[in-house]
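# Structural features, examined
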Amino acid sequence: MSFSSQVKNELARQIENSRHCRIAEIAALINMCGEILIHEEQKISIKFQTENAAVARKYFTLLKKTFNINTEVLIRKNTQLKKNQTYFLFVTNTEQSLKLLKATGLITEQEGRLVRRRGIYPLIIQSTCCKRAYIRGSFLGAGSLSDPEKAYHLEFVNQDYVHSQELKKLINLFQMDSKIVERKKHYIVYLKEGSQIVDLLNIMGAHLALMDLENVRIIKEMRNNVNRIVNCETANLNKTVSAAVKHLEDIEYIEQHMGLGSLPQSLEEVARLRVQYAEASLKELGAMLNPPVGKSGVNHRLRKISIIADRLREEKGGSL
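Conventions and cut-offs
- Residue numbering note: each chain is counted from 1, following its sequence as written.
- It should be noted that, the model being predicted, local features are given only for residues of pLDDT at least 70 and side-chain atom pairs only at 80 or more, the latter also being counted only at that level, while totals for whole chains, interfaces and linings use all residues.
- Side-chain descriptors were evaluated using all non-hydrogen atoms of the structure, hydrogens and water having been removed beforehand.
- Angles run from 0 to 180 degrees between N-to-C directions of axes, and those axes are lines fitted to C-alpha atoms, restricted for helices to the stretch in contact.
- The way it works is that DSSP assigns letters per residue, a run of H or I at least four long becomes a helix, a run of E at least two long becomes a strand, and they are numbered from the N terminus.
- Throughout this description, any angle smaller than 35 degrees is read as roughly parallel, any larger than 145 degrees as roughly antiparallel, any in the 65 to 115 degree range as roughly perpendicular, and the remainder as oblique.
- Helix crossings get a hand from a simple test, with the near helix turned counterclockwise from the far one by less than a right angle marking a left-handed crossing and a clockwise turn marking a right-handed one.
- Here, two residues are considered to be in contact whenever any of their heavy atoms come within 4.5 Å of each other.
- With a 1 Å grid laid over protein atoms only, a set of points is called a cavity when a 1.4 Å probe fits there but cannot get out and a pocket when it is open yet has protein on both sides within 12 Å along at least five of seven lines; lining residues have an atom within 4 Å of a point.
- Grid points are joined across faces, edges and corners, and a volume is the space filled by probe spheres set on the points.
- Under the scheme applied, nonpolar residues are Ala, Val, Leu, Ile, Met, Phe, Trp, Tyr, Cys and Pro; charged residues are Asp, Glu, Lys and Arg; polar residues are all the others, including Gly.

## Regarding the packing of helix 1 (residues 3–12) against helix 3 (residues 53–67)
Interhelical geometry of helix 1 versus helix 3 gives an angle of 20 degrees and a closest axis separation of 9 Å. As the angle between them shows, helix 1 and helix 3 are arranged roughly parallel. In this structure, helix 1 crosses over helix 3, and the sense of that crossing is left-handed. Listed contacts from helix 3 to K8, N9, L11 and A12 of helix 1 are A54, V55 and K58.

This is the structure we're talking about:
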């Protein structure tokens with residue numbers, strides 16, 4: 001089961017006690033994956049479609065508990081693609097359909113005719129709990145969440161631009177930064193920031209999924225921190241090794257062309273210790289000197305040795 005399906009299954013098990021929250025969630029479900037059919041003589045029916053059995057059960061339960069409507073259910077199997085079953089739920093009674101649609105604000109009257117209302121009916125999302133319920137219904141209807149092990153991406157897919165814009169504004173009321181992109185004649189409201197996705201799961205009430213996502217985020221953050229530390233230490237080690245190799249080359253060149261004994265005593269002492277203890281750090285070399293010298297002092301002496309070696313190379317025409 002995908003992580004997205006886990007989230008939907010968790011959300012589908014929640015049935016709000018407050019009728020106004022249930023109405024907001026029903027409106028979102030129909031707006032995202034429902035269809036309002038207005039027939040001749042102003043007869044109306046509602047068609048709802050989903051591939052998730054838990055979402056189909058929740059929609060059925062919401063209509064029964066909120067409006068005492070029994071929906072007709074049709075299950076269609078896709079034998080060619082061997083995918084999950086598709087669930088179709090219908091409300092065919094015009095009186096019941098009108099009752100539901102007027103309560104959810106999904107239908108309005110214009111010039112004596114009933115027409116579908118675009119966007120979100122403001123009266124059904126006046127309270128914070130109803131705003132949460134609407135976002136939850138939108139996710140159940142046409143939302144998806146990527147596997148957090150691979151990427152942080154949560155999105156809502158909708159065909160209506162006006163509704164997508166209003167859904168984005170609704171989500172952003174909770175200090176989010178959701179955006180919209182058009183993809184294959186659909187409008188995608190999405191979040192890509194891990195912390196914001198965690199917050200949205202909390203808003204929708206998916207607390208188990210939230211904890212799973214947080215655990216993944218913690219592990220990934222620790223892994224990234226370890227990698228950064230290892231990379232930093234590796235870079236420092238490479239730098240130290242390269243410097244030590246350069247020191248040994250310079251000391252060997254001086255030994256071959258003028259002898260270490262010709263160096264000032266302080267430089268000769270450091271040069272001989274560097275050759276004898278090639279893997280020692282500058283701090284360790286400094287502690288071996290008599291009297292002991294700090295890391296910066298050892299580095300200063302080795303730099304002088306390098307200058308002398310470079311000067312010798314110039315005098316010898318760059319030959320080793």
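## Quick word on the layout of surface pockets
Estimated volume of the largest pocket: approximately 980 Å³. Every residue lining the largest pocket is counted, 37 residues in all, and those nearest its centre are M32, C33, Q49, G141 and A142. Looking at the lining of the largest pocket, its residues break down into 10 nonpolar, 19 polar and 8 charged. One number sums up the size of the second largest pocket: a volume of about 360 Å³. The set of elements that each furnish at least two residues to the lining of the second largest pocket consists of helix 8 (207–257), helix 10 (282–288) and helix 11 (295–315). Its residues assigned to classes, the lining of the second largest pocket comprises 7 nonpolar, 4 polar and 5 charged.

Don't take any of this as a statement about function, it's just geometry.
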